[in-house]
Every structure is written in C-alpha cells, then in structure tokens.
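Observations on the three-dimensional arrangement
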Amino acid sequence: MNEHGSINEVLHSIRSHERILVTSHLRPDGDAVGSMLALGFLLRAMGKSPQLVLADPVPVLYRTLPGANTIRGCADLDPHFDTAIVLECDSVERTGISALASYPIINIDHHASAKLFGAVNWIDPSASAVAEMVYHLAIAAGVDVTPDMATCLYTAVLTDTGSFSYEAVSARTFQLAGELVSKGASPGRIAERIYFSNPESKIRLLGSALATLKIDNGIATLFVTKDDMHSAQATDADCEGVVNYAIGIKDVRVAFFLREIDGGLYRISMRSKGGLNVAAVAENFGGGGHRNARGCTVAGPLHEAVSTLVHKVRPLL
Ligand code: 5GP
Ligand code: MN
C-alpha cells in the first residue's frame, strides 16, 4: 500500500463527529497504546468526548502511561458513538471489536499491509510509527502537544522502531523524537519504564524460548508451548520481543518465533534483516506487518508449522 488519503480528510471527519471511539489491534503494542492515548488527549483538546477501547488488556509495561487507566475493555464499550478511529489495523476483525462493523470508520495506519477498509483512510507507510501520524494530526489541528501526549507518542515511536534501530528510521524520526523531548517526554524515564521494568515472567519465558533455539543456514526458529507459558506464569504480552533475540544473531537472516495458542494454532512472529522482505515472503500466510516484521497465525502441529515456514523462505536466502 502506497501513501493514501490525507490529514485534512481525517480532521474534517473528526470535526463533523462528536462521540468518537478510538481503538487499535488485538495484542496491543507500544504504538497501539501510546498512539491511542495521545489521540485521546488530542480529541479532548478539540472538544470531543472520545472513548478509548481495546479488546485485549493493556500490557503491564504500558499501564503507567498517562491516561492508560481510561482505556476500557469491550464489556464497557458504550455503543452511543458516531464514528470510530482505528489505528494500525488492516480490518475491523483486527480490532477484535465486531460491533464496529456498522459504524463509519476513520482508518489511520502505517503498515505496508494496510487496507482501505474505512470510510476515511489515511495511510502513510513512510511513517516510523502511527504515533508519528498522530503527532502531525495534533499539529494540523492546532492542538498543543502536552508533556502527557509527548510521553505517550515518544513511547510509541521508541518501541515501534526497535529503539530507533529499524530501516524505517530516518532523520525525520529523530526530528520527531527531538520535538517530543522538547515538549516534555523524558527519554530516561521512558526507557526505565520500557526496558528496565520487565515482569519476572517475561524473562523466565525468554529463558524457555531460548532453550529451543535452532539455527539452520541463516534461519532461526524458537518457540514456547502453552505449558511453557503456564510454567513461567507468562501473559501474551510477555512474548513481545522474544523473536528479536533470534534475529539479533550474526548471520541469521530470518527468525521465526512460534507461540502455541488455543485450537492447535500457533502465533508467528517473523523478523528479517539484510534486505529480505518478510512481508512479501509470507503474504499467503495471512496476517500483516512490515518489510522486516510480520505476524500471523498458522495451524499446528509445531513441527509442521516450522517446516512450512522454513520451506517458504529457504529458496529466497
Ligand atoms: P509481532 O510479530 O510483533 O506480533 O508483529 C509484527 C508486525 O506484524 C507488527 O507490525 C504487527 O502489527 C503486525 N502483525 C502481527 N500479527 C498480525 C496479524 O495477525 N494481522 C495483521 N494485519 N498484522 C499483524
Ligand atoms: Mn506501529
């Protein structure tokens, strides 16, 4: 998906609605949560009354972000709203909130796999995080970026760029980070919260995943079963970032992390480096993502899921 739609269409649509729901994807990450919260502050500054809803819980790491306690679950969703702003999703299904299907949707996304499923669609794959788009929306709306908004947006950019390390990072990203810091985001305090406050369960789960690591001709695989999750008392959110340890190994060009979920299925996190486009490689697996990071769900058993994935990428290495 190339760039599509504009900030002005989004602003126009926001201005013509009062009650606005804001949401993002299942298993929300830092960009989903941080961008939703910042957008919530922005909409309130525009005189709107937004409700922030996520189908899955806010991961522990992001619960101390300003306003995080205003995000509700589906059970508390108030059906009296006029439009829904959906961040970072390629469909209503990806939000996990089926009730949205009958409302006009403002779709804001920066994924290569973005789709035009909204009534208004603003897509910018050159944005390092959807937070970058929310920041520009605030500027275009003439809303002051407060320290709380800056904190949420900086957290989103930091986590969605792998701490400013992915290829999508440009001078623009650092310029944005600089502006957010000058508006009150504290890099030290945010890093403390994101990188030095892990729940013990996350590190125990990482240990069991690393014990399964296999490397074969540039392809790394590692996995956790439901039993491993249980033993580590881990949550879904504890799996975020495990795959990065595998792609971080010298000469590994593709990494797959598999996590057993219900129904004999496995959630896959894929990462690539060295110019290999994992989004294109894995198009027929469903899911979505970026050039170097993609996620999807495949059927088990485990060894078959692994061999399907490996067979698909091997010819490309
Ligand atoms: P992760 O491996 O961290 O779960 O996801 C990597 C990237 O792929 C993220 O940008 C994430 O939003 C996207 N992604 C992961 N799973 C899915 C999925 O099931 N559907 C879509 N559309 N995108 C996904
Ligand atoms: Mn993102």
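These notes cover the structure that comes with them. It should be emphasised that the depicted structure is a prediction, and the values quoted were computed from it without experimental measurement. (Residues numbered from 1 in each chain as written. Chains lettered and ligands numbered in written order. Predicted model: local features only at pLDDT ≥ 70, side-chain atom pairs only at ≥ 80, totals over all residues. Heavy atoms only, no water.)

The next subject is the side chain of arginine 271. Position of arginine 271 relative to the elements: it lies in strand β10 (residues 265-272). Although arginine 271 lies buried, it forms no salt bridge, and the closest oppositely charged side chain, glutamate 240, sits 7.1 Å away as judged by the N-O distance. Setting aside chain neighbours within four positions, we find arginine 271 in contact with Val243, Asn244, Ile247, Arg253, Val254, Ala255, Asn292, Ala293 and Arg294. (Helix = DSSP H or I, 4+ residues; strand = E, 2+ residues; numbered from the N terminus. Buried < 20%, exposed > 50% of the residue type's maximum accessible area, 1.4 Å probe, protein only. Lys, Arg positive; Asp, Glu negative; His and termini not counted. Salt bridge = Lys/Arg side-chain N within 4 Å of Asp/Glu carboxyl O. Contact = heavy atoms within 4.5 Å.)

Moving on to the sheet that holds strand β12 (residues 293-299). Across the sheet, six strands lie side by side as β7-β8-β9-β10-β12-β11; this open sheet has mixed pairing. Bordering the open sheet on either side are β7 (214-216) and β11 (288-289), each of which pairs with just one other strand. Bridge count for strand β9 (residues 254-260) against β10 is seven bridges, and the pairing is antiparallel. Bridge pairing links phenylalanine 256 to methionine 270 in β10. (Pairing = 2+ DSSP bridges.)

Running from N to C, helix α2 (residues 30-45) and helix α4 (residues 147-160) point in directions that differ by 160°, and their axes come no closer than 8 Å. Between α2 and α4, the interaxial angle falls into the category roughly antiparallel. Here the hand of the crossing between α2 and α4 comes out left-handed. Along its contact with α2, which presents Gly30, Asp31, Gly34, Ser35, Leu37, Ala38, Phe41 and Leu42, the element α4 presents Asp148, Met149, Cys152, Leu153, Ala156, Thr159 and Asp160. Split into classes, the residues belonging to the contact of α2 with α4 amount to eight nonpolar, four polar and three charged. (Axes fitted to C-alpha atoms, helices over the stretch in contact; angles between N-to-C directions. Parallel < 35°, antiparallel > 145°, perpendicular 65-115°, else oblique. Left-handed = near helix turned anticlockwise from the far one by under 90°. Nonpolar A, V, L, I, M, F, W, Y, C, P; charged D, E, K, R; others polar.)

Around ligand 1, 13 residues are found, and the nearest of them are Asp90, His111, Arg267, Ser269 and Arg271. Within the contact set of ligand 1, a nitrogen atom lies 2.8 Å away from a side-chain nitrogen or oxygen of arginine 267. Arginine 271 places a polar side-chain atom, nitrogen or oxygen, 2.8 Å from an oxygen atom of ligand 1. Elements that contribute at least two residues to the shell around ligand 1 include exactly β10, β11 and β12. Residue classes in the shell around ligand 1 are distributed as one nonpolar, seven polar and five charged. (Near = heavy atom within 4 Å. Polar contact = N/O pair within 3.5 Å; in protein donor to acceptor, adjacent residues only side chain to side chain.)

Turning our eyes to something else, we now look at the packing of aromatic side chains. The relation between two aromatic rings is expressed through the spacing of the ring centres and the mutual angle of the planes. All told, the structure shown has three aromatic pairs when counted by the stated rule. Both rings, one in phenylalanine 81 and one in tyrosine 103, keep their centres 3.9 Å apart while their planes meet at 25°; by these two values the pair is stacked. Here tyrosine 103 lies in the loop between β4 (83-87) and β5 (105-109) and phenylalanine 81 lies in the loop between β3 (71-72) and β4, a separation of 22 residues in the sequence. Given the relative accessible area of 6%, phenylalanine 81 is considered buried. Its relative accessible area of 22% is what places tyrosine 103 among the partly exposed residues. (Phe/Tyr/Trp six-rings, centres within 6.5 Å; stacked < 30°, edge-to-face > 60°.)

What follows deals with unusual backbone geometry. In this structure, the amide linkage connecting glycine 300 to the following residue, proline 301, adopts the cis form with an omega of -5°. Mapped onto the elements, proline 301 comes out in the loop between β12 and α11 (302-313). Located in the positive-phi region is asparagine 217, a residue other than glycine, with phi close to 50°. Tracing the backbone shows asparagine 217 in the loop between β7 and β8 (219-224).

Here we come to the environment of lysine 214. Topologically, lysine 214 is positioned in strand β7. With a relative accessible area of 57%, lysine 214 lands in the exposed category.

Leu39, Leu42, Ile85, Ile108 and Leu137 are the most contacted members of the largest nonpolar core, which has 54 residues in total. Once residues within four sequence positions are removed from consideration, isoleucine 85 is found in contact with Ile14, Ile20, Leu21, Val22, Thr23, Leu39, Leu43, Ile106 and Ile108. (Core = buried A, V, L, I, M, F, W, Y, C linked by side-chain atoms within 4.5 Å.)

With parallel pairing, six strands are arranged side by side in an open sheet as β3-β2-β1-β4-β5-β6. Of all the strands in the sheet, just β3 and β6 (120-123) have a single pairing partner and so form its edges. For strand β1 (residues 19-23) and β4, the ladder comprises four bridges, and the chain directions are parallel. Directly across from isoleucine 20, in β4, lies its bridge partner threonine 83.

Right, let's get into the pattern of salt bridges. A complete count under the given rule lists nine salt bridges for this structure. Here aspartate 124 and arginine 172 are joined by a salt bridge, their closest N and O atoms 4.0 Å apart. Within this pair, whereas aspartate 124 is found in the loop between β6 and α3 (130-141), its partner arginine 172 is found in helix α5 (residues 171-182), the two being separated by 48 residues in sequence. The class for arginine 172 is partly exposed, based on a relative accessible area of 39%. A salt bridge links lysine 226 to aspartate 262; its shortest N-O distance comes to 2.7 Å. Here the residue lysine 226 occupies a position in helix α8 (residues 226-231), and aspartate 262 occupies one in the loop between β9 and β10, the gap between them amounting to 36 residues. Connected through shared salt-bridge partners, Asp124, Glu132 and Arg172 make up one network.

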